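# A look at the structure
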Amino acid sequence: MERRKYPLYFSFPALSVFLLFFIAPTLIGVYYSFTDWNVNADSIRFIGLDNYKALFGEPRLGKALSNTLIFAAAVTLLQNAVGLGLALLMNEAIRMRNLFRTIFFMPYVIAPIVIGYVFRAIYHPEHGIVNEALGWIGLGSLGQDWLNDPKWALFSIILTDIWRVAGFAMVVYLAGLQFIPKDLTESASIDGASYWRRFRHIVFPLLAASFTVNVLLSVIGSMKVFEMVMVLTDGGPGYTTEVFYTYIRSTFSMGQMGYSTAINLVLFVLVTVVGVPVLMALKKREVEM
C-alpha cells in the first residue's frame, strides 16, 4: 500500500499550487458574485441573486452573448478550415516548406495586443493598406471604415483573429499528418482513388484526434476573446462588437466588482455548457472511427 501511495506524494506540490491559485480564487469569486462589492461600499453585504437579476435584465448582456457566440462559431469553423488546408499544403514536398511553415505559424507567437494595433493601421479608412489596395486594383468603391462601421466591425475582428490563430491549427494538423502511414494513401492512389476520396476516407478520419484538439481549443479560446476586441474597437461602435470580457472590463473599471464577478461566472458556465458537449461529441467520433 505504501509503495502504491509513494508516487502520489510528488503530486502534492503541484496540487497545492493548483488549489491555492485556481480553486480557492474560483470559490471566493463565486461568493463575491452574490455580494454588493464595489468601490463605494463601506462594507460588503450578501445580496443573493440581485446581481444576476440585474445582469439578465441588461440588454448589453444579450449583445455580448450573441457577439461572443457568433465570433466563436466563425473563428472555430474558419480557423480549422484554413489550418487544415495549410497543413495539407505544407505536408507536400514543396520547396522551402519549413520556411513557409514558420511564416504561417509566426502570427500565433505575437501578442494579440500587438497584432491589434498593427491591424488598426491596416484597417484605417483613409491610409490603411486594405482600402489602398482596393484603390490600386480599381475597386476603391468597396473601401469601408472597417472598424467603425457596425456592419463590418465584427467581421474585421474575426478575420484578424483567424489570421493570428490559423497557423496554430496548421501545426496541430501537421503533427497528426505525420502519423498517417503513407502506405495507406499510396495504396489508395494506386487503386485509382482521387485526392478528395483519399482525404475523405483515409486522411480526415485518421486526423480525428487532431481535429478534437483544434476544435476544443478554438471554441474555448474564441469565447474568451478580449485583447483583439479591446484594441480594435473596444466593443464599439456603440455595443456592436461587445463581447463578454469587454463587458466585464467596463463594469469592473466602474468599480462594480461583485457584478463583474457575476458576469465572469456566467461566462464560465457558458464555456462549460458549450465546451463539454463539443468534447463529448468529438471523442465519440474518434471512437466510432
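Residues numbered from 1 in each chain as written. Predicted model: local features only at pLDDT ≥ 70, side-chain atom pairs only at ≥ 80, totals over all residues. Heavy atoms only, no water.

### A word on the overall build of the protein
- In terms of regular secondary structure, the protein is built from 14 helices and zero strands.
- Each helix and strand of the protein, ordered N terminal to C terminal, gives the series α-α-α-α-α-α-α-α-α-α-α-α-α-α.
- Across its three principal axes, the protein shows a C-alpha extent of roughly 75 × 75 × 30 Å.
- For the protein, with 289 residues in total, the buried portion stands at 38%.
- Taking all contacts inside the protein whose residues are at least 6 apart in sequence as the whole, residues at least 24 apart take part in 68%.
- Just so you have it, the protein exposes about 17,100 Å², and 68% of that area is on carbon and sulfur atoms.
- Taking the average place of the 22 positive charges on the side chains of the protein and the average place of its 19 negative ones, the gap between the two points comes to 9 Å. (Helix = DSSP H or I, 4+ residues; strand = E, 2+ residues; numbered from the N terminus. Buried < 20%, exposed > 50% of the residue type's maximum accessible area, 1.4 Å probe, protein only. Contact = heavy atoms within 4.5 Å. Areas by Shrake-Rupley, 256 points an atom, 1.4 Å probe, with all protein chains shown as cover. Lys, Arg positive; Asp, Glu negative; His and termini not counted. Charge placed at Lys NZ, Arg CZ, Asp CG, Glu CD.)

### Comments concerning the packing of aromatic side chains
- In this structure the tally under the stated criterion is 17 aromatic pairs.
- Members of the aromatic cluster, joined through ring pairs, are Y31, Y32, F34, W37, F46 and Y52. (Phe/Tyr/Trp six-rings, centres within 6.5 Å; stacked < 30°, edge-to-face > 60°.)

### Concerning the layout of surface pockets
- What the largest pocket holds in volume is close to 490 Å³.
- N91, E92, L177, K182 and T185 are, among the 17 residues lining the largest pocket, the residues nearest its centre.
- Contributing elements (two or more residues each) for the lining of the largest pocket: α5 (97-109), α8 (153-178), α9 (182-190) and α10 (195-206).
- The greatest single-element share of the lining of the largest pocket, amounting to four residues, is contributed by α10.
- A breakdown of the residues in the lining of the largest pocket according to their chemical character gives eight nonpolar, three polar and six charged. (1 Å grid on protein atoms, 1.4 Å probe; cavity = no way out; pocket = protein on both sides within 12 Å on 5 of 7 lines; lining within 4 Å. Points joined across faces, edges and corners; volume = space filled by probe spheres on them. Nonpolar A, V, L, I, M, F, W, Y, C, P; charged D, E, K, R; others polar.)

### Comments concerning the confidence of the model for the protein
- Model confidence for the protein is summarised by a mean pLDDT of 90, while 97% of its residues fall at 70 or above.
- Element-level mean pLDDT values for the protein span from 64 in helix α1 (residues 2-5) up to 95 in α8. (pLDDT = per-residue confidence, 0-100.)

### Notes on the pattern of salt bridges
- Following the criterion strictly, the structure yields four salt bridges and no others.
- Notably, a salt bridge pairs R45 with D36, separated by 3.2 Å at the nearest N-O pair.
- Looking at R45, the relative accessible area reads 49%, which means it is partly exposed.
- What makes D36 buried here is its relative accessible area of 16%.
- The salt bridge involving R249 is made with D234; its shortest N-O contact spans 2.9 Å. (Salt bridge = Lys/Arg side-chain N within 4 Å of Asp/Glu carboxyl O.)

### Here's the deal with the UniProt feature "domain: ABC transmembrane type-1" (unreviewed entry) in the protein
- UniProt annotation of "domain: ABC transmembrane type-1" (unreviewed entry) refers to residues 65-278 when read in the numbering used here.
- Its end C-alpha atoms 18 Å apart, residues 65-278 is made of 74% helix and 0% strand. (UniProt positions renumbered as here; feature names shortened; annotations may be inferred.)

### Focus: the UniProt feature "transmembrane region" (unreviewed entry) in the protein
- Under the UniProt annotation, "transmembrane region" (unreviewed entry) lies at residues 12-34, 69-90, 102-123, 152-180, 201-220 and 262-282.
- Helix makes up 91% of residues 12-34 and strand 0%. Its end C-alpha atoms lie 32 Å apart.
- Between the C-alpha atoms that bound residues 102-123 there is a distance of 25 Å. The span itself is 86% helix and 0% strand.

### A short note on a nonpolar patch on the surface
- A surface patch of nonpolar side chains, amounting to about 680 Å² of accessible area, comprises M106, Y108, V109, I110, I113, V114, Y117 and V118.
- Taken together, the elements giving at least two residues each to the nonpolar patch come down to α5 and α6 (112-122).
- Looking at V109, the relative accessible area reads 59%, which means it is exposed. (Patch = residues over 30% accessible without salt bridge, like charges linked within 9 Å, V, L, I, M, F, W, Y side chains within 5 Å.)

### Re unusual backbone geometry
- In this model, G236 is joined to P237 through a cis peptide bond whose omega is -5°.
- Its place among the elements puts P237 in the loop between α12 (227-232) and α13 (244-253).
- In the Ramachandran plot, M96 falls in the positive-phi region, its phi being about 55° despite a non-glycine side chain.
- On the secondary structure map, M96 appears in the loop between α4 (59-90) and α5.
- In the Ramachandran plot, D234 falls in the positive-phi region, its phi being about 55° despite a non-glycine side chain.
- A relative accessible area of 41% places D234 in the partly exposed class.

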